[in-house]
Amino acid sequence: MAETLERTAMPTLPVGGGVHAAPPLDEVLLAMDAVDAIRHERNSVAKDLSGDEARAELVRRVRSQYEAQGIQVSDALIEEAIRAQDEKRFVFVPPPDGLQVRLGRLYATRRRWARKAGLLSAAALGIGLAPVAVLHFADQSRRTTESAAVDERQHVIPNRIAAMLATVDREAREQEPRIKAAAFAQAARNALAANDPTRARAELAAADRMVEEMRLAYEVRIVTGPHEASGFWRVPRDNPGARNYYLVVEAAGPNGPLPRRILNEETNMVDTVTKWGVRVPDEVFEAVRRDKADDGIISNKLVGVKEAGRLSIDWRMAVRDGAVTKWEPAPGSRNR
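Figured I'd write up the structure that's included with this text.

**Notes on unusual backbone geometry**
Its identity as a non-glycine residue notwithstanding, Asn195 has a phi of 60°, on the positive side. Summarising the element assignment, Asn195 is placed in the loop between α8 (175–193) and α9 (197–215). Of note, Asn268 is a non-glycine position whose phi angle comes to about 60°, a positive value. Note that Asn268 resides in the loop between β6 (260–264) and β7 (269–273).

The structure is reproduced here in structure tokens:
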């Protein structure tokens, strides 16, 4: 049950986690891995669900898989992976029939047709020359790929680890980013030691997202607007005799509200939103309500400040653990 504050009886309270993009290779590899996860999960999604419900369930399952591994994957990347799987973007398509394909096929079956024609030696010395050239280039390409993989394990990934640690050490203004960066770096090194460069790349991609979050700067402000609640209370399901009080807030950046990934304490799901309800003590809620009731304006809309170089928010109002991302009144609840 929820109650929304409006100005008639209990006034509406009015308003008013630097971008460092992950390397494209990491995004492609994560997308390819997500496509594989989607291909496996799709078969187990209930057939009686509607198209939108099935898609939402698929996104939820894939996100849960990655979160269980400690990998944060954006909703946008999962949606792109679903589109890639629908379009069969990562499905192998055989090359069109042509001279090179025919020569290769001829070489592969040379013993059968040469035996029939009594021309085994001719096949080895004549027609075999062109396919042998093809195999030579294929073998050279394989060696080039193996060399690149070795270079990635021995140089590229270790250099990226060192660069990430140096960036965090230089830009961090608190210990939390440094601690997390060290954990990502060690996990990537462990993956390399286990000959698992894919996992190492995933750890570095997560580190890059942490650096991106560290560089952001914004203020957490109470939301205001016409016909928009700035505060509400809800009755928790496991404690019907209690009330949880929330202020509706947004992360106001230099260019407007920033989307944030917020854990909804009522659903235990992480949602990407531009507005959410942050739980506060009832006395803070009442103070803001009285401030609004006085003249229709909230004098102090600042709830917290997130500075560049930090992961934590400096709360300027008392807040409690917990947040919600949806607060529409439940059926049968009272509105004021």
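The discussion continues.
**Digging into the pattern of salt bridges**
By the definition in use, this model includes 17 salt bridges. Glu203 is paired through a salt bridge with Arg199; the nearest N and O atoms lie 2.7 Å apart. Of this pair, Glu203 and Arg199 both sit in helix α9, separated by four residues, roughly a single helical turn. We classify Glu203 as buried; its relative accessible area is 10%. One salt bridge in this structure joins Glu213 and Arg260, with 2.7 Å as the shortest N-O distance. Of the two residues, Glu213 sits in helix α9 while Arg260 sits in strand β6, which places them 47 residues apart along the sequence. The pair formed by Glu213 and Arg260 is uniform in burial state, with each residue classed as buried. It is possible to trace a salt-bridge network through shared partners that takes in Arg173, Glu174, Glu307 and Arg310.

**Considering the pairing of strand β8 (residues 275–280)**
Counting buried residues along β8, five of its six residues qualify, which places the element largely inside the surrounding structure. As paired strands, strand β4 (residues 244–253) and β8 are joined by six bridges and run antiparallel to one another. When the bridges of β8 are listed, Val248 appears paired with Gly277. As paired strands, β8 and strand β11 (residues 323–324) are joined by two bridges and run antiparallel to one another. Bridging from a neighbouring strand, Val278 pairs with Ala323 of β11.

**Looking at the packing of aromatic side chains**
One pass over the full model with this rule turns up three aromatic pairs. Measuring from centroid to centroid gives 5.3 Å for Phe232 and Trp327, while their planes differ by 15°, and the two rings are stacked. Separated by 95 residues along the polypeptide, Phe232 in strand β3 (residues 231–234) and Trp327 in the segment after β11 bring together distant segments of the chain. Taken together through their ring pairs, the aromatic side chains of Phe232, Tyr246 and Trp327 make up a single cluster. One Lys or Arg, Arg243, reaches over the ring of Trp233 and ends 3.6 Å from the middle of that ring.

Procedures and definitions
Residues numbered from 1 in each chain as written. Predicted model: local features only at pLDDT ≥ 70, side-chain atom pairs only at ≥ 80, totals over all residues. Heavy atoms only, no water. Helix = DSSP H or I, 4+ residues; strand = E, 2+ residues; numbered from the N terminus. Salt bridge = Lys/Arg side-chain N within 4 Å of Asp/Glu carboxyl O. Buried < 20%, exposed > 50% of the residue type's maximum accessible area, 1.4 Å probe, protein only. Pairing = 2+ DSSP bridges. Phe/Tyr/Trp six-rings, centres within 6.5 Å; stacked < 30°, edge-to-face > 60°. Lys NZ or Arg CZ within 6 Å of the ring centre and 35° of its normal.

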